[in-house]
Amino acid sequence: MTSSIHPDRRKKLDALRELGVNPYANRYEAPRPIADVLREFAKKNPQAAPAEGDEAAAAPAESVRVEGVRVAGRVMALRDHGKSIFLELKDRTGRMQVYLRKNDIGDEAFEKLGLVDLGDFLGADGDVDKTRKGEITIFATGFTFLSKALQPIPEKWHGLRDVETRYRKRYVDLFANDEVAEAFRVRAMIIRRLRRFLDDQGFTEVETPMMHPIAGGAAARPFVTHHNTLDMQLYLRIAPELYLKRLLVGGMERVYEINRNFRNEGISTRHNPEYTMLEAYCAYADYNDLMDLVERMIVDAAEPMFGEEPKIPTPDGRTLDLSRPWRRAKYRDLFQEATGVDMNDRDAVVAYAKSIGIDVEGDRDFHAIANDVFEEKVEPDLFEPTFVYDYPVEISPLSKCREDDPSTAERFELFIRNMEMVNAFSELNDPIDQEERFRRQVDSKDEEAPAEVDYDYVTALEHGMPPAAGLGLGVDRLAMIFTNAQSIRDVILFPLLRHQASGGEPDAGSESDANEE
RNA sequence: GGGGGCAUAGCUCAGUCGGUAGAGCAACUCCCUUUUAAGGAGUAGGUCGAAGGUUCGAGCCCUUCUGCCCUCACCA
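Computed from a predicted model, the values in this text were never measured in an experiment.

### Regarding the confidence of the model for chain A
Argument step 1. Averaged over every residue, the pLDDT of chain A is 89; residues scoring 70 or more account for 93%.
Argument step 2. Put simply, helix 3 (residues 55–58) is where chain A has its lowest mean pLDDT, 46, and strand 6 (residues 204–205) is where it has its highest, 98.
Argument step 3. Contacts from residues 49–60, a stretch scored under 50 in pLDDT, to residues over four places away or in other chains number eight contacts.
Argument step 4. Residue range residues 502–517 is modelled with pLDDT below 50. Its contacts to residues more than four positions away, or to other chains, number five contacts.
Argument step 5. For this predicted complex, the interface confidence reaches an ipTM of 0.90, while the overall pTM sits at 0.91.

### Digging into the sheet that holds strand 3 (residues 94–101)
Argument step 1. Here we have five strands rolled up into a closed barrel, ordered 1-2-3-5-4, and mixed in their pairing. Neighbouring strand axes in the sheet, compared pairwise and without regard to direction, differ in orientation by 55 degrees on average.
Argument step 2. Bridging between strand 1 (residues 66–80) and strand 2 (residues 84–91) involves six bridges; their strand directions are antiparallel. Across the sheet, the residue bridging to L78 is L87, located in strand 2.

### Looking at helix 9 (residues 241–249)
Along an α-helix, residues three or four positions apart point the same way, because every turn accommodates 3.6 residues.
Argument step 1. Judged by how many residues are buried, helix 9 sits mostly within the fold: seven of nine residues are covered.
Argument step 2. Buried residues of helix 9: E241, L242, Y243, L244, K245, R246 and L248, and no others.
Argument step 3. At the exit of helix 9 stands G251, carrying a positive phi of roughly 100 degrees.

### What to know about the pairing of strand 4 (residues 121–130)
Argument step 1. Burial analysis of strand 4 places seven of its 10 residues in the buried class, which makes it a mostly covered element.
Argument step 2. In terms of strand pairing, strand 1 meets strand 4 through seven bridges, oriented antiparallel. Counted as the bridge partner of R74 is F121 from strand 4.
Argument step 3. Two elements, strand 4 and strand 5 (residues 136–147), share 10 bridges in a ladder whose sense is antiparallel. Paired with G126 across the bridge in strand 5 is A140.

### Topic: the environment of Y391
Argument step 1. Tracing the chain through its elements places Y391 in strand 15 (residues 386–392).
Argument step 2. Y391 gets classed as buried once you look at its relative accessible area, which sits at 3%.
Argument step 3. Between the alpha carbons of Y391 and N371 there is a distance of 9.8 Å; along the sequence they are 20 residues apart.
Argument step 4. Here the side chain of Y391 touches E413 through a polar contact of 3.5 Å, side chain to side chain.

### Some remarks on unusual backbone geometry
Note: most residues except glycine have negative phi, and most peptide bonds are trans.
Argument step 1. Along the chain, R324 connects to P325 via a cis peptide bond; the corresponding omega equals -5 degrees.
Argument step 2. Tracing the sequence through the fold places P325 in the loop between strand 13 (319–321) and strand 14 (327–330).
Argument step 3. Its identity as a non-glycine residue notwithstanding, A30 has a phi of 45 degrees, on the positive side.
Argument step 4. The residue A30 is located in the loop between helix 1 (7–18) and helix 2 (34–44) in this model.

### Section: the side chain of E427
Argument step 1. Considering the arrangement of structural elements, one finds E427 in the loop between strand 18 (419–426) and helix 14 (431–443).
Argument step 2. Setting aside anything within four residues of it in sequence, one finds E427 in contact with E241, K245, Y281, L398, K400, M465, A468, A469 and G470.

### A look at the pattern of salt bridges
Argument step 1. Enumeration according to the criterion identifies 45 salt bridges in this entry.
Argument step 2. Across the pair K245 and E241 runs a salt bridge whose closest N-O atoms are separated by 2.7 Å. Of the two residues, K245 and E241 are both situated in helix 9; the distance of four residues between them amounts to about one turn of the helix. The residues K245 and E241 share a single accessibility class, namely buried.

### So, the protein's contact with RNA strand B
Argument step 1. In the region of RNA strand B, 50 residues are neighbours, and N103, K156, E164, H271 and R477 sit closest.
Argument step 2. Sugar and phosphate atoms form 58% of the subset of RNA strand B atoms that lie within 4 Å of the protein.
Argument step 3. S84 places a polar side-chain atom, nitrogen or oxygen, 3.2 Å from a sugar or linking oxygen of RNA strand B.
Argument step 4. Taking E155, its main chain carries an N or O atom lying 3.0 Å from a sugar or linking oxygen of RNA strand B.
Argument step 5. Looking at the surface near RNA strand B, the elements that each hand over two or more residues are helix 1, strand 1, strand 2, strand 3 and helix 6 (163–168).

Here is what the cut-offs are and how they apply
Residues numbered from 1 in each chain as written. Chains lettered and ligands numbered in written order. Predicted model: local features only at pLDDT ≥ 70, side-chain atom pairs only at ≥ 80, totals over all residues. Heavy atoms only, no water. pLDDT = per-residue confidence, 0-100. Helix = DSSP H or I, 4+ residues; strand = E, 2+ residues; numbered from the N terminus. Contact = heavy atoms within 4.5 Å. Pairing = 2+ DSSP bridges. Axes fitted to C-alpha atoms, helices over the stretch in contact; angles between N-to-C directions. Buried < 20%, exposed > 50% of the residue type's maximum accessible area, 1.4 Å probe, protein only. Polar contact = N/O pair within 3.5 Å; in protein donor to acceptor, adjacent residues only side chain to side chain. Salt bridge = Lys/Arg side-chain N within 4 Å of Asp/Glu carboxyl O. Near = heavy atom within 4 Å.

Next up, the structure:
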């Protein structure tokens with residue numbers, strides 16, 4: 001499927017040039033947002049507004065015109081009536097009908113109008129009024145070619161459905177399917193609200209390195225890259241954690257960062273190799289404080305769309321209730337509740353795990369087995385927002401233990417719609433303990449463990465880090481919740497797909513096998 | 001990586017029992033000065049994802065490959 005320019009469109013392009021029209025205008029003075037224009041007209045004609053579909057009541061003769069309006073946008077529909085044409089313009093704020101009559105715009109302009117295709121960008125000037133059928137319309141006195149489209153637009157009724165094409169040609173998806181653009185506006189709104197909330201709490205937004213000499217702060221396989229001048233191997237970060245905590249040492253007591261993490265792992269409806277994480281750290285707070293903060297922050301983000309007691313539809317037709325307060329349950333209690341087994345009764349847990357088909361053979365770590373059971377039996381029920389807290393320390397290598405119980409980490413995870421949304425804990429600030437844990441990680445030779453100990457980070461802790469709690473929130477997943485998305489790809493503009501050699505560009509013909517492993 | 005599914009015109013989709021390719025929209029020509037999934041008359045458009053195989057004959061059956069979707073595994 002090579003991209004070929006439609007010959008008819010190409011001909012029209014040349015025809016425009018011959019008529020002295022620049023098909024790709026350099027500048028277009030101050031078009032108004034369509035939504036503004038529609039709003040102004042509605043304001044001036046309040047009684048006409050509810051007359052939907054009622055031709056008699058519309059009383060078009062009575063309406064008050066909005067005069068001298070200019071709009072611009074992409075032509076999404078075109079109805080040719082011989083000596084007059086209706087077309088629909090779409091801009092970022094909405095769609096609006098434009099009516100162009102030969103009598104109004106003149107013979108010469110009307111001839112040029114015949115060279116308009118669906119998908120072109122056009123500007124139009126005129127007065128706004130209602131048509132006989134009651135549609136608010138610009139009765140154009142003139143129009144301007146702004147940009148010629150050489151590719152056809154998708155089918156007007158069904159839009160662009162093919163999932164692969166939607167992701168590969170997101171630019172088409174965005175203008176063809178209104179709800180797509182809307183989802184990304186929602187995403188932007190969420191991020192704006194998160195920022196505002198944290199700013200109001202006295203947090204400072206920072207930017208820390210995306211390229212790390214040591215891939216630390218989480219357990220994940222990193223992407224590897226190389227800096228030529230320094231001749232240095234670097235990793236795209238898997239988490240900003242260790243840098244943000246360095247800032248706590250430096251006295252920045254409340255910091256956050258919203259930015260990309262990169263993890264060289266599987267792709268799924270909930271995973272993209274690069275994804276957006278909010279990490280926030282707060283000195284003199286513990287994990288309980290962060291539960292409060294997270295709850296308020298997410299409900300605050302939901303407020304503009306869903307109000308203060310948010311009820312959000314989900315893809316499977318249920319309703320998610322985000323009204324505060326959210327359920328808080330101990331890991332151990334949820335385990336017991338779902339399985340009838342005490343998590344600390346090792347034999348019983350292993351027997352139970354075996355009974356539900358979990359691998360318990362060989363030298364598998366007990367806590368890994370127990371966590372498999374948890375994921376299998378508890379997580380599928382974590383639909384309503386739930387803070388799961390007090391995790392076993394063995395599966396929480398970065399958190400501080402409870403003072404009264406060294407086997408339990410001061411850590412929680414927030415689940416919403418069965419997705420892990422937040423991971424948070426009271427941060428370890430004991431440099432000696434930290435160094436030991438790093439050593440053990442490195443010695444484990446685990447593929448997801450860093451290759452070397454981050455001594456600079458240990459040294460930072462030796463300078464003294466205040467007690468603090470930190471959280472990581474998956475921003476894409478939160479956007480999924482708010483936009484009722486089934487896949488993370490629906491909230492990421494350009495999700496990672498396999499590269500396709502074909503397409504518009506002639507390939508350089510590189511059968512490249514020259515990549516090093 | 002394992003399992004399941006999908007791939008037909010620019011777009012959205014049909015395609016019967018294996019008998020040689022269809023519709024709507026878009027496009028093109030013409031008519032139409034208040035339509036709105038405008039309408040009317042006509043025209044053109046296909047290496048059925050790719051490569052092999054079975055068969056007298058393959059969009060359809062088989063094999064391999066490519067891409068995407070779902071799912072499992074790991075992660076947030």
